[in-house]
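Residues per chain are reported as follows:
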Amino acid sequence: MREHDEIVDAMAVSLAQSTCDLADEREVALLLLSAGYDEREIADHRRQAVRLAAAGRRNDSLCAGLSGGAHG
């Protein structure tokens, strides 16, 4: 189970840091392939990684908005 969580977390970080359209399954798969994940890992973990990446992006946006408001 630990390896599964590590793969999902690593995929999510790659996706969150990219400009990839998380709603585009093909774009997500191509990005993950180019990051070195194999097709089976992508098939098994892509959806979970996309959910985590989307949450991370939302969190980053909220934090940026809060820090921008404090200085603005």
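As a reminder, the structure under discussion sits directly above these lines.
Given the structure is predicted, the values throughout are model-derived calculations rather than measurements.

Definitions and limits used
Just so you know, the residues in each chain are numbered from 1, in the order the chain's sequence is written. Only residues with pLDDT of 70 or above have their local features reported here, since the model is predicted, and side-chain atom pairs are shown and tallied only from 80 upward, although totals for entire chains, interfaces and linings are computed over all residues. Think of the side-chain values as coming from all heavy atoms in the structure, minus any hydrogens and water. The rule for a salt bridge is simple: a side-chain nitrogen of Lys or Arg has to be within 4 Å of a carboxyl oxygen of Asp or Glu. For helices the rule is a DSSP run of H or I covering at least 4 residues; for strands it is a run of E covering at least 2, with both sets numbered from the N terminus onward. Here the term buried applies to any residue with accessible area under 20% of the maximum for its type, exposed to any over 50%, and partly exposed to those in between, with areas from a 1.4 Å probe on protein chains only.

Trainee: How should I be thinking about the pattern of salt bridges in this particular structure?
Mentor: Side chains that differ in sign of charge can pair as their charged atoms come close. Within the structure shown, the criterion is met by two salt bridges. With a shortest N-O distance of 3.7 Å, Arg 46 and Glu 25 are connected by a salt bridge. Taken as a pair, Arg 46 in helix α3 (residues 39–71) and Glu 25 in helix α2 (residues 25–34) lie far apart in primary sequence, 21 residues in all. Relative accessible area serves as the criterion here: at 12%, Arg 46 is assigned to the buried category. Glu 25 sits in the partly exposed class, given a relative accessible area of 46%. For Asp 44, the salt bridge is made with Arg 40, and the minimal N-O distance between the two is 3.6 Å. With a gap of four residues between them, Asp 44 and Arg 40 both fall in helix α3, about one helical turn apart. With a relative accessible area of 47%, Asp 44 lands in the partly exposed category.

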